[in-house]
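Summary of structural features
Given next are the chains, with one letter for each unit.
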Amino acid sequence: MNQVDYLRISLIDRCNFRCQYCMPQGADLEYILKQNILTDEELLALIQEVFIPLGFTKFRLTGGEPLLRPRVVDLVRAIASFPQTQDLSMTTNGFLLASMAQDLYNAGLRRINISLDSLNPDTFDHIIGNSRGRSRWLDVWNGIQTAARVGFDPLKLNVVVIPGVNDGEVLDLAALTIDQQWHVRFIEFMPIGNAQLFGDRGWISSAELRQRIREHWGLTEAQVRGNGPADVFQIPGAKGTLGFISQMSECFCDRCNRIRLSADGWLRPCLLNETGQIDLKTALRTGIQTTEIQKQVRELLAIKPEINFKQRFSGTKTGVYTRTMSQIGG
Ligand code: SAM
Ligand code: SF4
């Protein structure tokens, strides 16, 4: 079992997109009240006094859309300045990135994952639920280009593959890695966020996507494998890599090195079930000592392997996820 040393932190549950697979238009989402969101001070205290002493050295900022969090650059600077922080990264939809990339880089962020589900502006707008106004594709594309220019490395592009919507673009998206040292990662669509779309469309396995790419260019296993859930491959001679995240078709629980903290302070040991969460915000606000909180987190880490294996794609009474990726911190 891997050492769990990686914390994914949701900075905010709100988003400026309405991706069909995550927070579709019209979905009845209950947002966290502002007063229940961990403050910067609370978040930094948890990182410094609870997680770092427990051996956590890797932090990813996500959401919702993390760039919507007020003073996000200051938060990045503070987390990057902890001597124990070995790795600080962010997952963003890229919409606000062009104007923020340089400041984020200067504050100490070095790794960024940007969601890009399509190269076609119409398809892109359809997926992100942008039915009115001008296309948002170019803003995201400019964000990606700016991040590359500023020096983010690695720069990863996340693609959730939805059958009949964007799977026809898999080769075009994979081709982005040929001339650029980018990492395009195909993510299997999960039944979180939009059960109806999932029921209607289903999902495509990573193995099938790899086969399509292999038939076109060939595909080799990359020399270096990341420490995350992606299986990494390369088009022969390409500068970048292709990652496949196969949480539907494979179980990578035995390689899992992460836990998740929601914007309202719930610590969740596993993405795929809802058991075992602990409420760190209430603990902090009721004056529980950070050493006691540390003890609770240590106990949660001790039972994590059991939760991972036994309750994969379960752990809810109804079998339906009550929280979306945007709420959990995807
Ligand atoms: N807003 C940021 C973004 O979109 O990159 C960060 C938060 S988003 C919840 C994090 C990741 O979760 C994205 O890469 C998104 O594509 C993925 N995601 C959300 N819902 C998903 C689903 N139902 N199946 C697979 N991946 C999903
Ligand atoms: Fe927003 Fe990211 Fe969810 Fe899309 S995937 S709705 S960008 S949080």
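What counts, and at which threshold
Residues numbered from 1 in each chain as written. Chains lettered and ligands numbered in written order. Predicted model: local features only at pLDDT ≥ 70, side-chain atom pairs only at ≥ 80, totals over all residues. Heavy atoms only, no water. Helix = DSSP H or I, 4+ residues; strand = E, 2+ residues; numbered from the N terminus. Contact = heavy atoms within 4.5 Å. pLDDT = per-residue confidence, 0-100. Near = heavy atom within 4 Å. Nonpolar A, V, L, I, M, F, W, Y, C, P; charged D, E, K, R; others polar. Core = buried A, V, L, I, M, F, W, Y, C linked by side-chain atoms within 4.5 Å. Buried < 20%, exposed > 50% of the residue type's maximum accessible area, 1.4 Å probe, protein only. Polar contact = N/O pair within 3.5 Å; in protein donor to acceptor, adjacent residues only side chain to side chain. Areas by Shrake-Rupley, 256 points an atom, 1.4 Å probe, with all protein chains shown as cover. Salt bridge = Lys/Arg side-chain N within 4 Å of Asp/Glu carboxyl O.

1. Some words on the side chain of Asn-130
Mapping Asn-130 onto the fold places it in the loop between α4 (121-128) and α5 (137-150). In this view, Asn-130 contacts Asp-125, Ser-135 and Arg-136; residues no more than four positions away in its chain are not counted.

2. Considerations on the confidence of the model for the protein
A residue-level look at the protein finds 92% of positions with pLDDT of 70 or above and a mean pLDDT of 91. Residue range residues 314-320 is modelled with pLDDT below 50. Its contacts to residues more than four positions away, or to other chains, number nine contacts.

3. Focus: the site of ligand 2
In the vicinity of ligand 2, the contacting residues are Cys-15, Phe-17, Cys-19, Tyr-21, Cys-22, Met-23, Gly-64, Asn-93 and Ser-326. Looking at side-chain class alone, the shell around ligand 2 contains six nonpolar, three polar and no charged residues.

4. With respect to the nonpolar core
A general feature of soluble globular proteins is that nonpolar side chains tend to end up buried together. With 100 residues, the main nonpolar core has Phe-51, Leu-104, Leu-116, Phe-186, Leu-267 and Val-297 as its most contacted residues. Not counting residues up to four positions away in its chain, the partners in contact with Phe-51 are Leu-7, Leu-46, Phe-56, Ile-259, Leu-267, Leu-280 and Val-297.

5. Brief notes about the site of ligand 1
The environment of ligand 1 is formed by 20 residues, the closest being Tyr-21, Gly-64, Ser-115, Met-190 and Ile-192. Between ligand 1 and the protein, one listed contact pairs an oxygen atom with a side-chain N or O atom of Ser-115 at 2.7 Å. Coverage of ligand 1 by the protein chains reaches 96% of its 550 Å² of free accessible surface. The residue inventory of the shell around ligand 1, partitioned by class, reads eight nonpolar, ten polar and two charged.

6. A few points about the pattern of salt bridges
Pairing is possible between side chains of opposite charge, provided their charged atoms come close. Following the criterion strictly, the structure yields ten salt bridges and no others. Across the pair Arg-285 and Glu-42 runs a salt bridge, and its minimum N-O distance is 2.8 Å. Separated by 243 residues along the polypeptide, Arg-285 in helix α9 (residues 280-285) and Glu-42 in helix α1 (residues 40-51) bring together distant segments of the chain. By relative accessible area, Glu-42 is classed as buried at 15%. We note a salt bridge from Lys-295 to Glu-299, for which the minimum N-O separation is 3.7 Å. On the criterion of helical spacing, the pair formed by Lys-295 and Glu-299 is a turn pair, its members being four residues apart in helix α10 (residues 290-310). Each of Asp-40, Arg-69 and Arg-71 takes part in salt bridges that share partners, so that together they form one network.

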